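Architecture at a glance
Residues per chain are reported as follows:
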Amino acid sequence: MKFSKGDFVIHRLTGEKLLILKIGNEQYQCRTPDYREIYFWEMELEKV
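What this report covers is the structure whose coordinates are included nearby. Remember, predicted model here, so these are calculated numbers, not experimental data.

1. A short note on the environment of C30
Within the element layout of this structure, C30 appears in strand β3 (residues 27–31). Residue class for C30 comes out buried when judged on its relative accessible area of 0%. In this structure C30 touches L18, L19, I20, L21, R36, E37, I38, F40 and L45, once residues within four positions along its chain are discounted.

2. Some thoughts on the packing of aromatic side chains
All told, the structure shown has one aromatic pair when counted by the stated rule. Look at F3 and Y28: their rings are 5.4 Å apart centre to centre, the planes differ by 70°, and that puts the pair in the edge-to-face class. Remark: Y28 occurs in strand β3 and F3 occurs in the segment before β1 (8–11); sequence separation between them is 25 residues. A residue is classified by how much of its surface remains accessible, and F3, at 5% relative accessible area, is buried. For Y28, a relative accessible area of 0% corresponds to the buried category. Just above the ring of F8 sits the side chain of K17; from NZ or CZ to the centre is 4.8 Å.

3. Section: the pattern of salt bridges
Tallying each qualifying case throughout the model produces four salt bridges. With a shortest N-O distance of 2.9 Å, K47 and D7 are connected by a salt bridge. Here the residue K47 occupies a position in strand β5 (residues 45–47), and D7 occupies one in the segment before β1, the gap between them amounting to 40 residues. Relative accessible area serves as the criterion here: at 47%, K47 is assigned to the partly exposed category. Accessibility expressed as a relative area gives 17% for D7, which makes it buried. Here R36 ties to D34 by a salt bridge, and the two come within 3.0 Å at their closest N and O atoms. Take D34: its relative accessible area is 47%, and that puts it in the partly exposed class.

Calculation rules
- Residues numbered from 1 in each chain as written.
- Predicted model: local features only at pLDDT ≥ 70, side-chain atom pairs only at ≥ 80, totals over all residues.
- Heavy atoms only, no water.
- Helix = DSSP H or I, 4+ residues; strand = E, 2+ residues; numbered from the N terminus.
- Buried < 20%, exposed > 50% of the residue type's maximum accessible area, 1.4 Å probe, protein only.
- Contact = heavy atoms within 4.5 Å.
- Phe/Tyr/Trp six-rings, centres within 6.5 Å; stacked < 30°, edge-to-face > 60°.
- Lys NZ or Arg CZ within 6 Å of the ring centre and 35° of its normal.
- Salt bridge = Lys/Arg side-chain N within 4 Å of Asp/Glu carboxyl O.

None of this, on its own, says anything about what the molecule does.
Laid out in structure tokens, this is it:
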């Protein structure tokens, strides 16, 4: 896992800035700018 809880990341496809809330076994739970909470794979995200 290269990200940690509280990190801001960018979704590679949409360019949205996300906040990492929880780290699961294979996915990260992130908060989107419109306050939805969605799970993403590590390969979909990159560091800000």
